[in-house]
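Single-letter residue listing:
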Amino acid sequence: MTYLSLPHRLHSLSLATATLLLTLLSPISLSPNLSLSLSTQVQAQTAEDQLSAAQQLLEEGIDLYQQGQMQEALNRLEEASNLFEQVEAPAEETIALTQIGLIYENRQQYDDALNAYEQALSLAKTFDDPYQEAIILDYMGSVYSSLEQYSQALDLHQKSLALFREVDNRRSEGIVLGNIGKVYFAQEQNEQAIDSLKESLSIYQELDENILEGEVLYYLGLSHQNLKEYAPALDFHQQALGIFNAENIPELQALALYNMGIIYSQQGKEAMAQTSYQDALTIFEELGNEQGIAAIRYQMETLDQ
């Protein structure tokens, strides 16, 4: 069966809300240590300026990343990371390194991504931040999944899941459960995929996370398709389509329609398959998605034979 991939969404990483506090110097008094006190004040001011500059670079880097300007983002984030290291701000350096890893992952430079993530993970352990560790472990799992090294991917996602449960972050727990489901799906372990995806779905529905819910519904549909369980597969794709329509996400609408067409075709409902394929084709043509157009035309030609 030919599947079309969901578009690779950029991860977004929130900035730490707390800033590093610098110790205030005591008021300068006239004493034999006046020159030493002045020197210390200058050094502290320099460190404070470097920290402020690094935080500005970090914010700019994340903004550029979210705008898709990867090289410019990478330049800012590397500068920020170096400055954070100089002023010994490991929490902020961890965020910069994690974002650098995301850029390399987005570029499919997986060795570089893993190197950045491993540095970030090592730093996160020094200041005992399980939430940040969990984020990094999940991202590392996604890299190994992209490399089709599924055993490593699953291990990292499960470690991430345990930490998110420890800190009671339900949304992140749902994300990781979804990622675990996708790893099982990639290995054609469809029953395990369905179990993890349903856990993820329950959390998203609890939190009203509609778009994430739609993505999980999509993968539930695919997993049931693999098992030739066409009725639940169709139901999940229709639910996903309803969400993608409501959220006005045309590429995901087309993907749901494409898979509905495949199911109708496998059920011998050729007229309904043709309608679904045509609706998906119209969207892909509007988007200029050549891969989608080619896949749909192939399926439509198969119907005519």
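Scroll up for the structure.
This text gives an overview of the structure that appears in the document. (Residues numbered from 1 in each chain as written. Predicted model: local features only at pLDDT ≥ 70, side-chain atom pairs only at ≥ 80, totals over all residues. Heavy atoms only, no water.)

### What to know about the overall build of the protein
Scanning the protein for helices and strands turns up 13 helices and 0 strands. Reading the helices (α) and strands (β) of the protein from amino to carboxyl end gives α-α-α-α-α-α-α-α-α-α-α-α-α. Counting every position in the protein, which comprises 305 residues, the buried fraction comes to 46%. (Helix = DSSP H or I, 4+ residues; strand = E, 2+ residues; numbered from the N terminus. Buried < 20%, exposed > 50% of the residue type's maximum accessible area, 1.4 Å probe, protein only.)

### Examining the nonpolar core
Within the largest apolar cluster, 95 residues are counted, with the highest numbers of intra-cluster contacts made by Leu 58, Phe 84, Tyr 117, Tyr 277 and Ile 296. Per-element accounting of this core gives the leading share, 10 residues, to helix H11 (residues 250–266). (Core = buried A, V, L, I, M, F, W, Y, C linked by side-chain atoms within 4.5 Å.)

### Some points on the packing of aromatic side chains
Following the criterion strictly, the structure yields 5 aromatic pairs and no others. Both rings, one in Tyr 117 and one in Tyr 139, keep their centres 5.9 Å apart while their planes meet at 40°; by these two values the pair is tilted. In this pair, Tyr 117 is assigned in helix H4 (residues 110–126) and Tyr 139 in helix H5 (residues 130–146), connecting sequence segments 22 residues apart. The buried category is assigned to Tyr 117, whose relative accessible area is 0%. A relative accessible area of 8% means that Tyr 139 is categorised as buried. Centre to centre, the rings of Phe 185 and Tyr 219 are 5.6 Å apart; their planes meet at 80°, and the pair counts as edge-to-face. Linking Phe 185 in helix H7 (residues 170–186) with Tyr 219 in helix H9 (residues 210–226), this pair joins segments that are 34 residues apart in sequence. Residue class for Phe 185 comes out buried when judged on its relative accessible area of 12%. (Phe/Tyr/Trp six-rings, centres within 6.5 Å; stacked < 30°, edge-to-face > 60°.)

### Quick notes on unusual backbone geometry
Its identity is not glycine, yet Asp 128 carries a phi of approximately 50°, on the positive side. By the secondary structure assignment, Asp 128 is in the loop between H4 and H5. The backbone phi angle of Asp 168 is positive, close to 60°, even though this residue is not glycine. When you line up the elements, Asp 168 lands in the loop between helix H6 (150–166) and H7.

### Brief notes about H11
An α-helix turns once every 3.6 residues. As a result, residues three or four positions apart point the same way. The end-to-end C-alpha separation of H11 is 24 Å, in line with the 24 Å expected for 17 residues at 1.5 Å each. One or two residues past the end of H11 sits Gly 268, with phi positive at roughly 80°. (Expected span 1.5 Å × (residues − 1).)

### Observations regarding the side chain of Gln 299
With respect to the secondary-structure elements, Gln 299 resides in helix H13 (residues 290–304). Residue classification places Gln 299 among the buried positions, given a relative accessible area of 12%. At a separation of 3.5 Å, a polar atom in the side chain of Gln 299 contacts the side chain of Tyr 277. (Polar contact = N/O pair within 3.5 Å; in protein donor to acceptor, adjacent residues only side chain to side chain.)

### Brief notes about H4
Taking 1.5 Å per residue, 17 residues should reach 24 Å; H4 reaches 25 Å between its end C-alpha atoms and fits that length. Those residues of H4 that sit buried are Tyr 110, Ala 113, Leu 114, Ala 116, Tyr 117, Ala 120, Leu 121, Leu 123 and Ala 124. Residues of H4 that are buried make contact with helix H3 (90–106) and H5. Taken from the residues just after H4, Asp 128 is the one with a positive phi, measuring 50°. (Contact = heavy atoms within 4.5 Å.)

### Topic: the packing of helix H10 (residues 230–246) against H11
As a packed pair, H10 and H11 sit with axes 9 Å apart at the nearest point and diverge in direction by 160°. Classified by the angle between their axes, H10 and H11 sit roughly antiparallel to one another. Where H10 crosses over H11, the two elements pack in a sense that is left-handed. Here Tyr 230, Ala 233, Leu 234, His 237, Gln 238, Leu 241, Phe 244 and Asn 245 of H10 come into contact with H11, specifically with Leu 252, Gln 253, Ala 256, Leu 257, Asn 259, Met 260, Ile 263, Tyr 264 and Gln 266. (Axes fitted to C-alpha atoms, helices over the stretch in contact; angles between N-to-C directions. Parallel < 35°, antiparallel > 145°, perpendicular 65-115°, else oblique. Left-handed = near helix turned anticlockwise from the far one by under 90°.)

Nothing here speaks to function; it is all geometry.
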